[in-house]
Amino acid sequence: MEELHTDLDSNRSITGGNGEKKSYVASVSTGHEPIFPSDNKAVVDNFDSKASTDPEQPQLMDGTEPIIKTGADVSRYLVSLHDAEDPPLTFRGLLLGTLILVLNSVITMGTEVLPTPASVKDRPRLRWLVPVCEFVNPGPMQIKEHVVATIIASSGLNGQAACDVLATIKLFYGLLRPLIIYPSEMVYWYTLPMVAVFQMLHYEKSKQSHRVKMFCYLFAGTFAWEPIVAYIAPWLNGISIPCIASMHAPMRIRKHIARIFGGAGANQGLGYLSISLDPQYVSPSVYAGFPLKWQLNYWIGTLSGGLIMLALFYSNTWQAKTFPFMSASLFTGDGQIYDQNKIFGSTLELNTAALQEYGVPHLTATNVWNFICQCLAIGALFGHVFVFWSKDIKRYIHETRTGTQHDPHYLAMKKYKEVPSWWYMVTLIVAVVAAFLTVGTSHTTLPAWGLFVSLLVGSLIAPVSAILYAQYGSAIATNMLSKMIAGGIHGGLPVSNLWFSQYCHQIVNLVVSLSDYLKLGQYLKIPWRVMFLIQIYGTLLGAYINWWVISVIIENKREILLDPIGNNQWSGAHYQGLNSQAIQWSLAKYVFRIGAGLHYEIVPLAILIGAAIPCVHWLCKRYIPWMREQGDLITTPLALFYLRNLVGGINSPLTSCIILGSCKCTCESRSQRSSARCV
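Residues numbered from 1 in each chain as written. Predicted model: local features only at pLDDT ≥ 70, side-chain atom pairs only at ≥ 80, totals over all residues. Heavy atoms only, no water.

Engineer: Now, about the overall build of the protein chain: what can you tell me, with residues and values included?
Structural biologist: Looking only at helices and strands, the protein chain has 28 helices and five strands in total. Total accessible area on the protein chain stands at roughly 30600 Å², and carbon and sulfur atoms take up 64% of it. (Helix = DSSP H or I, 4+ residues; strand = E, 2+ residues; numbered from the N terminus. Areas by Shrake-Rupley, 256 points an atom, 1.4 Å probe, with all protein chains shown as cover.)

Engineer: So what's going on with the packing of helix 15 (residues 365-402) against helix 18 (residues 448-472)? Which residues, and what values?
Structural biologist: Each pair of packed helices can be described by the angle between their axes along with the distance between the axes. Taken N-terminus to C-terminus, the directions of helix 15 and helix 18 make an angle of 75 degrees; their axes are 11 Å apart at the nearest point. Between helix 15 and helix 18, the crossing angle belongs to the class labelled roughly perpendicular. Here Leu381, Phe382, Val385, Trp389 and Ile393 of helix 15 come into contact with helix 18, specifically with Ile461, Val464, Ser465, Ile467, Leu468, Gln471 and Tyr472. For the contact of helix 15 with helix 18, a count of residues per class yields ten nonpolar, two polar and no charged. (Axes fitted to C-alpha atoms, helices over the stretch in contact; angles between N-to-C directions. Parallel < 35°, antiparallel > 145°, perpendicular 65-115°, else oblique. Contact = heavy atoms within 4.5 Å. Nonpolar A, V, L, I, M, F, W, Y, C, P; charged D, E, K, R; others polar.)

Engineer: Go over the nonpolar core with me, naming the residues and quoting the values.
Structural biologist: Of all hydrophobic cores here, the largest spans 136 residues; its most connected members are Val74 and Ile180. At 16 residues, the largest contribution of residues to this core is made by helix 15. For Val74, the residues in contact, after removing those within four places along its chain, are Ile68, Val79, Val187, Trp189, Leu192 and Tyr523. (Core = buried A, V, L, I, M, F, W, Y, C linked by side-chain atoms within 4.5 Å. Buried < 20%, exposed > 50% of the residue type's maximum accessible area, 1.4 Å probe, protein only.)

Engineer: Now, about the packing of aromatic side chains: what can you tell me, with residues and values included?
Structural biologist: Using the criterion set out here, one finds 20 aromatic pairs in the structure. When the centroid spacing of 6.0 Å and the interplanar angle of 80 degrees are considered together, the rings of Trp422 and Trp423 count as edge-to-face. Judged by relative accessible area, which is 57%, Trp422 ranks as exposed. Owing to a relative accessible area of 17%, Trp423 belongs among the buried residues under this scheme. (Phe/Tyr/Trp six-rings, centres within 6.5 Å; stacked < 30°, edge-to-face > 60°.)

Engineer: Please provide a residue-by-residue account of helix 19 (residues 479-489), values included.
Structural biologist: Across the eleven residues of helix 19, eight count as buried, placing the element largely inside the fold. For helix 19, the complete set of buried residues consists of Asn479, Met480, Leu481, Ser482, Lys483, Met484, Ala486 and Gly487.

Engineer: Explain the pattern of salt bridges residue by residue, including any values.
Structural biologist: A side chain of one charge can pair with a side chain of the opposite charge when the charged atoms of the two come close. Enumeration over the complete set of coordinates arrives at three salt bridges. We note a salt bridge from Glu185 to Arg395, for which the minimum N-O separation is 3.8 Å. A residue pair is termed long-range when its members are at least 10 positions apart, and Glu185 in the loop between helix 7 (165-180) and helix 8 (192-203) and Arg395 in helix 15 qualify at 210 residues. We classify Arg395 as partly exposed; its relative accessible area is 31%. The salt bridge involving Glu399 is made with Arg395; its shortest N-O contact spans 3.4 Å. (Salt bridge = Lys/Arg side-chain N within 4 Å of Asp/Glu carboxyl O.)

Engineer: If you had to explain helix 17 (residues 421-441) to someone new, which residues and values would you point to?
Structural biologist: In an α-helix, one turn spans 3.6 residues; hence positions three or four apart end up facing the same way. Between the first and last C-alpha of helix 17 there are 30 Å, a value that for 21 residues agrees with the 30 Å anticipated at 1.5 Å per step. Considered for burial, the residues of helix 17 that qualify are Trp423, Tyr424, Thr427, Ala431, Ala435 and Val439. One face of helix 17 carries all of its buried residues, which in axial projection span an arc of 105 degrees. Counted as exposed and oriented over 90 degrees from the buried face of helix 17: Trp422, Leu437, Gly440 and Thr441. (Expected span 1.5 Å × (residues − 1). Arc of directions from axis to C-beta.)

Engineer: Mind laying out the packing of helix 20 (residues 494-523) against helix 21 (residues 528-556), listing which residues take part and the relevant values?
Structural biologist: At a minimum axis distance of 11 Å, the contact between helix 20 and helix 21 shows a crossing angle of 145 degrees. Relative to helix 21, helix 20 is oriented so that their crossing is right-handed. For the pair formed by helix 20 and helix 21, the contact residues are Leu514, Tyr517, Leu518, Gly521 and Gln522 on the first element and Trp528, Met531, Gln535 and Thr539 on the second. (Left-handed = near helix turned anticlockwise from the far one by under 90°.)

Engineer: I'd like a description of the confidence of the model for the protein chain, backed by residues and values.
Structural biologist: The share of residues in the protein chain with pLDDT of 70 or more is 77%, and the mean pLDDT across the chain is 76. Segment residues 1-55: pLDDT under 50, and 127 contacts once partners within four positions in sequence are set aside and those in other chains are kept. In the predicted structure, residues 116-130 sits below a pLDDT of 50 and forms eight contacts with residues beyond four places in sequence or in another chain. (pLDDT = per-residue confidence, 0-100.)

Engineer: How would you summarise the side chain of Asn370 if you had to cite specific residues and measurements?
Structural biologist: Take Asn370: it is sitting in helix 15. Leave out the neighbours within four places in its chain, and Asn370 touches Arg644 and Val647.

Engineer: Lay out a nonpolar patch on the surface in plain terms, naming residues and giving numbers.
Structural biologist: Judged by side-chain polarity, Phe91, Leu95, Leu96, Leu99 and Ile100 come together as a nonpolar surface patch covering roughly 430 Å² of accessible area. Tracing the sequence through the fold places Phe91 in helix 4 (residues 91-111). (Patch = residues over 30% accessible without salt bridge, like charges linked within 9 Å, V, L, I, M, F, W, Y side chains within 5 Å.)

Engineer: Explain unusual backbone geometry to me, and be specific about the residues and the numbers.
Structural biologist: Residues other than glycine seldom take positive phi values, yet Leu273 does so here, at roughly 65 degrees. Looking at where Leu273 falls in the secondary structure, it is placed in the loop between helix 11 (251-261) and helix 12 (285-288). Since its relative accessible area comes to 56%, Leu273 is described here as exposed. Of note, the phi angle at Lys525 is positive, near 65 degrees, even though the residue is not glycine. Note that Lys525 resides in the loop between helix 20 and helix 21.

Here it is as structure tokens:
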């Protein structure tokens, strides 16, 4: 980010989409490097008139560089307003985006089960071909074409459950943009590094050669190293000195050490003090854009949650020692794998007589803890938004209705046509028809009214979850709430529960994901209509490719994916978890009710407990000066959600991630050349 700002000063200029030179002028006189282009002077003046009345002027580092604290600071000082006005939609961009989408889908679905342009001359007889040739190959790749290809490729990842994507498009484009896209406070921190990369590649040509070389060196090194750490020497993913030192100790000792310090294998241990050298698990990009307030919640939750898990296991809470330390599978009371076929026949409906004979399923203590943390976080999410952000939400809506929204990037985008209302209507009709045809013609056991309730619940959760993600760059999983509701209205029908929760949760998931890239489009000035079309295209294409890839994997690796432990290359924990939760919640009245005998009733009650925690937090901030001075460093939904971070999978990268995140913050705080510091 430092290089982005040092090149965009008042003595430099860049070429716009029409070939003219555009000089950059400062937005406010704070001594920082200016980022606003002079051709957007009206937008700048409008923004500065509001900034000049802001009582909270930015703090300066070294007397010149602003310290980035709020979303308004990001819009003022971090992201350029420059609009190159180059064509965003080209055949080349569509082709590249589609090809990368295919590759991305193959890699992504695999990880679900893994712990020089030619010029065109204008000739009279071929004049009619010029528009076609410019669409196919418009010259050197420009920033908008680059961004469009990237969004197509990334939108394919939404295709994992894209059957309701069109209704989602209707929801977040038509209703939620004034709330989760337009305001400056909706930063989408995870997107900022991508914005910086695009702007540096396309706006700073003098340094592009060096950066491309550096990228090639890093790519080549990673390409050569990854096969070694993933297949030839997988132990490099989890170098644990305590585990190595205990190799010759009795097995009863080694098991305890592995639970605390192990983690190179799936569901092995917590991974404390283990070092991972696998770049697919330890990536600088994970920490490149997140603010300190997110990292603080992440590490507090992760480290303390692991200690609680150990306490639950060794205190034999919920008969923990009868089952594996970590697993998402279901078990019988004596620790054997639970055979769901004995209580659910070919009709996929519960046989109550068989259930009484075979017994109800049990969970590992760490999996119960996983459920509790998710429910605590869901309750805290609604409580936190209501207690801390309700006034801000009302202000965002009022600003949009009255035309007083002053975010400079929103104002710069007003020159582009909005998406017509009839586009929304068509997508909504197609989505509703497709959804009801799916549940009506397939053996889903989900009734039509159940689908309606699922979509309604998802539409209510989505805005709340998106607000948290927009301000922190990370959201919490809310699918536990949808599973709980499904278990209450579709008891004894696990497949119905699964369909209900997936429809509901994927509305939330897609709103968050697609809004993230919509904000990227606003930052980089991609027209609204282009964003609408490419996101639908990428998402739907990704749906078909993702389904084909995962079907091939399941067909060839079925047995290892059904194993509750898995191995260091394949793990079915994700799908085992979905299946376990569908069965558990379809048996809610036998498993989670008070007096059922399993003592799992704390799980649904955790939602009410979680909703009260932000109220306590608000009172502490109001009456305890030290808490008030910390601002929003502690956010209870995130801290509670990350308490379940180590409940399964490969945990050996934990220490390496902490070191990497700490180094990132240390380098930012000590760098005298940095243009801004995110706190």
